[in-house]
Amino acid sequence: MDASPTLYLLSLGCPKNRVDSEVMLGSLLDEGYKLVEEAKDAEVILINSCAFIGEAKQESIDAILEHAQLKESGRCKALVVAGCLTQRYADVLQQEMPEVDYFVGTSAYPRIAQILKGERDRAFIPDPDYIADSKTPRRNSMPRWTAYVKISEGCDNKCTFCIIPTLRGLQRSRPIDDIVAEAHRLVAEGAVELNLVAQDLTAYGHDLPGKPRLHDLLAALRDVPARWIRLHYAYPRDFPDALVDALADQPNLARYLDMPLQHIADPVLRRMKRGRDSQWVRKLVRRIRDRVPDLTFRTSFIVGFPGETEAEFQELCEFVEEMRFEKVGVFQFSREEGTASYDLDGQLPHRLKAARQKKLLGIQRRISREHQQKLVGRTLEVLVEGVSEETELLLEGRYMGQAPEIDGKVYVNRGQARAGEIVRVEIEQAGDYDLVGGIVGADGPAQQIGSQRPAPVRPRFPILKH
């Protein structure tokens, strides 16, 4: 390959995987690689795979096979597959995919540049024990105004449906000072919002000396000049009052909480080994709701778990009706080998799981529509992200209650703004998930100040979500 080989990177799966991709990207760019936007132009194609559930595995396999064709029709000289699929199925993949040159596990990211220099081995699958720190080369793949911060890696929970501890190892938290240093650097580079991610956000710190807690980390982040610091993947087992107080009172914390609850029926929670019963969960949700004004509460549920009865599913539907969550994701149970739930009795047919998913999503769509309608007439702070992908006549952005990639948009139909700027928008219309309004005090049509579609400050690469 050339001294400065071209690189295309495709990252699949969750934002935590995106951070890993950004670490590999930073390492390779430091070694002189040049990022390209089209896979056909790349000498090195790097796919960071996902293997969380069946759909994600299939998406990863399809992407690998599709890009493997470029070894014949494009410039590709090396096809590299990293991430969870590799960590989980390295032996099988090496046999079934001879077109892949290197397989890189979830803790081999720091070696990616050395691997591509021509290591003799084809697979690098160390035990999962690595986590990047603030000094690790990393290139933010998001627009400059937003970034993810992974505060810990791995997970100590034993949820029976989840393969993550096998793929990612036990929990490894980063020291507070190290996270704060990265947060300051990202803001200095232009980030307006930071999204804290981990496999289990609320377990942060129990593995560190002195056992700091998540609220201790948030207190240390109080002086970081980000407008919004958002909390994702907050496991509900332990949510102390100090954490509720921080969410309610700390100025730079977004009034947004992503807490996957997974179910509410006690028999299902026990089979899932979630560690808390329905009474605990209900009290926790009400306590957070009562004490955090204007909170956007996002959660997710699994339907069709082995043995889930119609009555237990109905209890879940009634819980969603009662709690009126702003954002809800609903997933069909995916039977994954290597998890405790794989061998449970009472496996349900796909058609029943699909029907339950459709019903619960329908309930939530109506609730979401009602929440959205209540925002009409209000003035919200909106982070403008540029000209809309739908039409050049609108700008688009997000308010505090809309996380990047997973929530809706605010479409701006009047006024001028720069991408990355926060403006006040009066909401005039609401759909099921998106909002429309004009910048306060503006009369003319929406217009982006500067170039119509500005080039991102840093390289970007496509992200697919499972």
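In what follows, the structure referred to is the one given above.
Residues numbered from 1 in each chain as written. Predicted model: local features only at pLDDT ≥ 70, side-chain atom pairs only at ≥ 80, totals over all residues. Heavy atoms only, no water.

Trainee: Tell me about the packing of aromatic side chains, residues and numbers included.
Mentor: Applying the stated criterion across every chain yields a total of six aromatic pairs. A centroid spacing of 6.1 Å and a plane angle of 55° characterise the contact between Phe301 and Phe325, whose relative ring orientation is tilted. Placement of the pair is Phe301 in strand E13 (residues 296-303) and Phe325 in the loop between helix H12 (310-323) and strand E14 (327-332), with a sequence separation of 24 residues. Since its relative accessible area comes to 0%, Phe325 is described here as buried. Between Phe305 and Phe333 the ring centres are 5.2 Å apart and the planes differ by 75°, which places this aromatic pair in the edge-to-face class. Of this pair, Phe305 sits in the loop between E13 and H12 while Phe333 is found in the loop between E14 and helix H13 (350-373), placing the two residues 28 residues apart along the sequence. (Phe/Tyr/Trp six-rings, centres within 6.5 Å; stacked < 30°, edge-to-face > 60°. Helix = DSSP H or I, 4+ residues; strand = E, 2+ residues; numbered from the N terminus. Buried < 20%, exposed > 50% of the residue type's maximum accessible area, 1.4 Å probe, protein only.)

Trainee: How would you summarise the sheet that holds E14 if you had to cite specific residues and measurements?
Mentor: Paired through their backbone hydrogen bonds, the strands of a sheet run either parallel or antiparallel. Spatial ordering of the open sheet is given by E7-E10-E11-E12-E13-E14, a layout of six strands whose pairing is parallel. Edge positions in the sheet fall to strand E7 (146-150) and E14, since each of these pairs with one other strand and no more. With direction set aside, neighbouring strand axes in the sheet form an average angle of 20°. Pairing between E13 and E14: six bridges, direction parallel. Among the inter-strand pairings, Thr299 is bridged to a residue of E14, identified as Val328. Strands E13 and E14 of the sheet are contacted by H13, whose axis makes an angle of about 175° with E14. (Pairing = 2+ DSSP bridges. Axes fitted to C-alpha atoms, helices over the stretch in contact; angles between N-to-C directions. Contact = heavy atoms within 4.5 Å.)

Trainee: So, the pattern of salt bridges: which residues are in play, and what are the values?
Mentor: Under the criterion given, the structure shown has 44 salt bridges. Here Asp238 makes a salt bridge to Arg213, at a shortest N to O gap of 2.5 Å. On the criterion of sequence distance, the pair formed by Asp238 in the loop between strand E11 (228-231) and helix H9 (241-249) and Arg213 in the loop between strand E10 (193-197) and helix H8 (214-220) is long-range, its members being 25 residues apart. The partner of Arg365 in a salt bridge is Asp432, and the shortest N-O contact between them spans 2.5 Å. Residue Arg365 is located in helix H13, and its partner Asp432 is located in the loop between strand E19 (422-430) and strand E20 (435-439); the two are separated by 67 residues in the primary sequence. Taking the relative accessible area as the measure of exposure, Arg365 reaches 37% and is therefore partly exposed. (Salt bridge = Lys/Arg side-chain N within 4 Å of Asp/Glu carboxyl O.)

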